[in-house]
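# Structural characterization, general
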Amino acid sequence: MATMRAVRLHLPTRTLGVEEVERPVPGPGQVLVKVEAAGVCLSDVHLVEGSLTPLYLPGESVTLGHEVAGTVAESGPEAGHWQVGDRVVLQAGEKRDGTTWTRGVDYDGGWAEYALARADTLFALPASIPFEQGSIIPDAVSTPWGAVTTTGGVRPAEPVGVWGVGGLGAHGVQLLRAVGAHPIVAVDPAPAARERALAFGADLALDSADPELAAKIGAATGGTGLAAAFDFAGVPAVREQVMTVLGPHGRLVLVGLTDQPLTITHSIRFSYLQQQILGHYGSEEEAVPQLIALAAGGRLDFSRSVSDVLPLERAAEAVERLRTKQGDPIRLILKP
């Protein structure tokens, strides 16, 4: 029996550790991928901390990691055109009987030497895109892409706001710039995050504690308020603040996850202005190949997004660094 190293989370105790486990064997329609890079996401932090629990996981333990890139190691029967050595990115989940199962949450993910994937959840990764950059596309980039283009429906020249300029928010700023939003206002309490926002294309970066925040957003938007705002932080106070600067027919898109209640303090104003609050999760299946094409074509640059690369044995350290925002990372990458 062939084995491999994998970072496993035991859900009842929320214990994270590297274990020697059986290496998967691809069945019909499946491909075994040798993992070259796997991203560490705030969702992984939530899983370890206990504020996020898998909905469909059949057992008590799971290999984390839903942002994965690597090379095809072996194909099962009826696995299509994939050849050994092909560079690939794995979709962050798959549909099962109409329900979305998330990789590294509801079934084993890519914090391991090898990852099993359904053949239709793989996308070719051009040689021009490094594995580390490719690995983050299926969530850190595709989730804000879906939030901006699908759920938020942002149109060119619309004034928009981004709250929380971490791994998702930084890419949200870059993608809003790509679709022509203007002005782009970024809001974050951390000075380093505000600097990053400006570097990624924001027109204005504000401290969430700034008493003049509403006035500054009013001035930047010509008094109209924001047409769309994105909460990438998953913090109730952020949502309260956004509602004070959202314009008529404005959309608040909830991307960051929290188990806290959603409250609309000024509900009459909310109804009078015909505003909307929209939940968002993941992205459409075509998002990953679209983003790979845009990156390969030079329209998007993810070279600034990889803050550090660590071995599997330092997964717990990576989770802690992300939890405490040590060094203000955009994305930390695990490399088996």
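A brief structural summary.

Thresholds, definitions, all that
- Residues numbered from 1 in each chain as written.
- Predicted model: local features only at pLDDT ≥ 70, side-chain atom pairs only at ≥ 80, totals over all residues.
- Heavy atoms only, no water.
- Helix = DSSP H or I, 4+ residues; strand = E, 2+ residues; numbered from the N terminus.
- Rg over C-alpha atoms; globule rule 2.2 N^0.38 Å.
- Buried < 20%, exposed > 50% of the residue type's maximum accessible area, 1.4 Å probe, protein only.
- Phe/Tyr/Trp six-rings, centres within 6.5 Å; stacked < 30°, edge-to-face > 60°.
- Axes fitted to C-alpha atoms, helices over the stretch in contact; angles between N-to-C directions.
- Parallel < 35°, antiparallel > 145°, perpendicular 65-115°, else oblique.
- Left-handed = near helix turned anticlockwise from the far one by under 90°.
- Contact = heavy atoms within 4.5 Å.
- Pairing = 2+ DSSP bridges.
- Core = buried A, V, L, I, M, F, W, Y, C linked by side-chain atoms within 4.5 Å.
- Right-handed = clockwise from strand over helix to strand, strands pointing away.
- Salt bridge = Lys/Arg side-chain N within 4 Å of Asp/Glu carboxyl O.

## As for the overall build of the protein
For the protein, the helix and strand inventory stands at ten helices and 18 strands. For the protein, whose C-alpha radius of gyration is 20 Å, the value lies close to the compact-globule estimate of 20 Å for 336 residues. Once the C-alpha set of the protein is aligned to its principal axes, its extents read approximately 65 × 45 × 40 Å. Looking at the 336 residues of the protein, the share that counts as buried comes to 52%.

## Here we look at the packing of aromatic side chains
Tallied over the entire structure, the rule returns two aromatic pairs. Plain terms: the ring middles of Y56 and W101 are 5.3 Å apart, the flat faces sit at 20° to each other, and that makes the pair stacked. In this pair, Y56 sits in the loop between α1 (42-49) and β4 (61-63) while W101 sits in strand β8 (residues 99-102), placing the two residues 45 residues apart along the sequence. Relative to F232, the ring of F230 has its centre 6.1 Å away and its plane inclined at 20°; by these criteria the two rings are stacked.

## A word on the packing of helix α3 (residues 137-151) against helix α4 (residues 167-178)
One way to put it is that α3 packs onto α4 with a least axis distance of 8 Å and a crossing angle of 55°. Our classification of the angle between α3 and α4 gives oblique. The element α3 and its partner α4 pack so that their crossing is right-handed. Contact with α3, carried on its side by D139, A140, V141, T143, P144, W145 and V148, involves G167, L168, H171, G172, L175 and L176 of α4 and no other residues of that element.

## As for the sheet that holds strand β13 (residues 204-206)
If you trace the six strands from one edge of the open sheet to the other, you get β13-β12-β11-β14-β15-β16, paired in parallel fashion. This sheet does not close on itself; its edge strands, each paired only once, are β13 and β16 (276-279). The mean angle between the axes of side-by-side strands here comes to 20°, regardless of whether they run parallel or antiparallel. Pairing between strand β12 (residues 184-187) and β13: three bridges, direction parallel. Considered in β13, the bridge of A186 is made with A205. The sheet contacts of α4 involve β11 (160-163), β12 and β14 (226-231), and relative to β11 the element is tilted by about 165°.

## Observations concerning the sheet that holds β4
Within a sheet, neighbouring strands are paired by backbone hydrogen bonds and run either parallel or antiparallel to one another. Read from one edge to the other, the open sheet built from three strands follows the order β2-β1-β4, with strand pairing classed as antiparallel. The sheet terminates laterally at β2 (15-22) and β4, the two strands that pair on one side only. Taken over all neighbouring pairs, the strand axes of this sheet differ in orientation by 45° on average, direction set aside. Where strand β1 (residues 3-10) lies against β2, eight bridges are found, and the strand directions are antiparallel. Directly across from R5, in β2, lies its bridge partner E20.

## A word on the nonpolar core
Counting 35 residues, the largest nonpolar core has W111 and L122 as the members making the most contacts within it. Elements represented by at least two residues in this core include exactly β1, β3 (30-40), α1, β5 (68-75), β6 (87-90), β9 (114-118), α10 (315-324) and β18 (331-334). With five residues, the single largest contributor to this core is β3. In terms of nonpolar packing, the next biggest core, distinct from the first, is built from 23 residues, A147, A193, F200 and V253 among them.

## Focus on the pairing of strand β15 (residues 246-254)
Counted residue by residue, β15 has seven buried out of nine residues, so it is predominantly covered. Alignment of β14 against β15, held across five bridges, turns out to be parallel. Its bridge partner lying in β15, L226 is registered against L246. With helix α7 (residues 236-245) bridging β14 and the parallel β15, this β-α-β connection has right-handed handedness. Of the pairings in the sheet, the one linking β15 to β16 comprises four bridges and is parallel in character. Directly across from R251, in β16, lies its bridge partner Q276.

## Let's talk about the pattern of salt bridges
Per the counting criterion, the structure on display carries 21 salt bridges. Notably, a salt bridge pairs R118 with E94, separated by 3.7 Å at the nearest N-O pair. One end of the pair, R118, is in strand β9; the other, E94, is in strand β7 (residues 93-96), and 24 residues separate them in sequence. The shortest N-O distance in the salt bridge between D210 and K216 comes to 2.6 Å. Among the charged side chains, a network of salt bridges with common partners joins E94, R96, R118 and D120.

## Considerations on the side chain of Q174
Following the sequence through the fold, Q174 ends up in helix α4. Once residues lying within four places of it in the same chain are set aside, the contact partners of Q174 are F200, L300, D301, F302 and R304.

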